[in-house]
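Structural overview
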Amino acid sequence: MRDPLSAATDAFTGFLFGKVETTRLPVRTSTGQAQAVYLPTAAPGLGDSGVIIGREVYSGKGYIYDPFQLYGQQLPAPHWLVLGESGNGKSALEKTYVLRQLRFRDRQVVVLDAQGEDGVGEWNLIAQELGITPIRLDPMTAMDGGIRLNPLDPAITTTGQLALLRTIIEVAMGHGLDERSGFALKVAHAYVNETIVERQPILTDIVDQLRHPEPESAEAMNVDIEDVRAWGLDVALVLDRLVDGDLRGMFDGPTTVGIDLDAPLIVFDLSHIDRNSIAMPILMAIVGVWLEHTWIRPDRKKRIFLVEEAWHIINSPFVAQLFQRLLKFGRRLGLSFVAVVHHLSDVVDGAAAREAAAILKMASTRTIYAQKADEARATGRVLGLPRWAVEIIPTLTPGIAVWDVNGNVQVVKHLITEAERPLCFTDRAMTESSTPEADDALAAQLELEAEERAARMERQLKLNDSPESTVA
């Protein structure tokens, strides 16, 4: 129970000056002194070992990330998902990350480059800088000495070959193989592998055997030979597209000699393939399985497999199943899979929602660049982001992203060196000028806008610290 004198004093003070929130005297200080208050609010970093990405926005600390260094302590899996709309810095992040990883002698990177400009893939400049020739898959040049990958390469196990053939057919048909078609393919593949020993078996051999099956294959199942031929007809028609159709030349012969799988960087240039055609997921499947059996080896190297336009993988149930198996090698053989996707909704609402969920679950690192508000909310629900991160995603400027490393969520500004800049900004077709000066002008403009925002915030803080604002 308050005494009458204190109550009367409070009433009189309130009548003169309005309601008093606190009787504690205000603390007056400068902005420079008050900024120290923000230090305890900065999230802990990821350590100081690995590749520098940039700086954490709120604390200004350097941000260092390396899945191979973090694995086992802070990361349950080394795989990484990069999201965001075009023009916000995904491509620059990927390229600088690869260039910096290659500073380590035990690193090796494969890139599936699905985007192109000026007739070459967008990784062409980096490949040239490192003295590497991209593996350009192009149906227009395949018959004229172009690059060829053989799905029946002896380097791939018999089981792997059959799984790859099934995936190619299922992707092209848009549904799974029934038992009869699967049986016809199986016996044709077995016969070709048993009888062709003087050279590499090729897809033409499988097509010929499907059209003209051996009587023994029918007798083994006690069915008529015409039934076996009918079961394999649709399969033969699909494979025929790779032999005589619009994809001919790339997969219907022995693997091209001279592909250097020991190079530090291997770039598969898919820019000449229509990204919206059925050819792209077929290519993804063939390249993925071919690499699984010819590139990944238990030699203690740390490997990075970076896939542009990765929705071609995650959005196809049959291709996604193959890549799920590939991702499981990450822990045992030191593989980090990096998937670059524009919109998560394209994946989680697609035909391969279950497979996509499994792949997303394996990605312990998620980097999200600016998205529209509704897309950001959907992404936050799927990935389990905290509310504050979801709210700022639509406000992010180019080069700044939300990083979620197994629950450690921070806002990071990606930093690019002057040496890296000419290799990273290659979107000349979408800009008015292709000169380095134009890129520098754009960067300067973005930096100026950031400085103006910081100045406005500082002026506001000084206003709040002034005696007048304190009395008010």
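What counts as what
Residues numbered from 1 in each chain as written. Predicted model: local features only at pLDDT ≥ 70, side-chain atom pairs only at ≥ 80, totals over all residues. Heavy atoms only, no water. Core = buried A, V, L, I, M, F, W, Y, C linked by side-chain atoms within 4.5 Å. Buried < 20%, exposed > 50% of the residue type's maximum accessible area, 1.4 Å probe, protein only. Contact = heavy atoms within 4.5 Å. Pairing = 2+ DSSP bridges. Helix = DSSP H or I, 4+ residues; strand = E, 2+ residues; numbered from the N terminus. Axes fitted to C-alpha atoms, helices over the stretch in contact; angles between N-to-C directions. pLDDT = per-residue confidence, 0-100. Polar contact = N/O pair within 3.5 Å; in protein donor to acceptor, adjacent residues only side chain to side chain. Salt bridge = Lys/Arg side-chain N within 4 Å of Asp/Glu carboxyl O.

1. Side note on the nonpolar core
In a soluble, globular protein the nonpolar side chains are often hidden away together inside. Counting residues in hydrophobic clusters, the biggest one holds 97 residues, and the most contacted among them are Leu239, Phe268, Leu291 and Phe305. Contact partners of leucine 239, with chain neighbours within four places excluded, come to Leu165, Ile168, Ile169, Ile206, Val207 and Leu210. Grouped together as the second largest cluster of nonpolar side chains are 33 residues, Val82, Leu93, Leu102 and Ala127 included.

2. A look at the sheet that holds strand β10 (residues 335-341)
By way of backbone hydrogen bonds, the strands of a sheet pair with one another, either parallel or antiparallel. Taken in spatial order, the 11 strands make up an open sheet running β2-β1-β13-β12-β11-β3-β10-β9-β4-β8-β7, and their pairing is mixed. Looking at which strands have only one partner, the edges of the open sheet turn out to be β2 (62-65) and β7 (135-136). Direction of pairing for strand β11 (residues 363-368) relative to strand β12 (residues 400-405): antiparallel, over a ladder of 4 bridges. Residue pairing in the sheet places threonine 365 in a bridge with valine 405 of β12. Of the strands in this sheet, β1 (51-56), β2, β3 (79-83), β4 (107-113), β8 (265-269), β9 (302-307), β10, β11, β12 and β13 (408-414) are in contact with helix α4 (residues 90-101), which crosses β1 at around 135°.

3. Digging into the confidence of the model for the protein chain
Low pLDDT means the predicted atomic positions in that stretch should not be read closely. Across the protein chain, the average pLDDT comes to 80, with 81% of residues at or above 70. Of all secondary-structure elements in the protein chain, the lowest mean pLDDT belongs to helix α22 (residues 467-471), at 41, while β12 reaches the highest, 95. Across residues 467-472, confidence stays below pLDDT 50; counting only partners more than four residues off in sequence or on other chains, it has 7 contacts.

4. Considerations on the side chain of threonine 365
For threonine 365, the location among the structural elements is in strand β11. The exposure class of threonine 365 is buried, given its relative accessible area of 0%. Within the local environment of threonine 365, its side chain forms a polar contact with the side chain of tyrosine 65, the two groups lying 2.8 Å apart. Those residues in contact with threonine 365 that lie beyond four places of it in its chain are Tyr65, Leu75, His79, Trp80, Leu81, Trp403, Asp404 and Val405.

5. Remarks on the pattern of salt bridges
Two side chains with opposite charge may pair up if their charged atoms get near one another. The full count for this structure, using the stated rule, is 16 salt bridges. Two residues, lysine 372 and glutamate 85, come together in a salt bridge whose shortest N-O distance is 3.3 Å. Here the residue lysine 372 occupies a position in the loop between β11 and α18 (373-383), and glutamate 85 occupies one in the loop between β3 and α4, the gap between them amounting to 287 residues. Since its relative accessible area comes to 53%, lysine 372 is described here as exposed. A salt bridge links arginine 100 to glutamate 420; the nearest nitrogen and oxygen atoms lie 2.7 Å apart. Of the two residues, arginine 100 sits in helix α4 while glutamate 420 sits in the loop between β13 and α20 (421-424), which places them 320 residues apart along the sequence.

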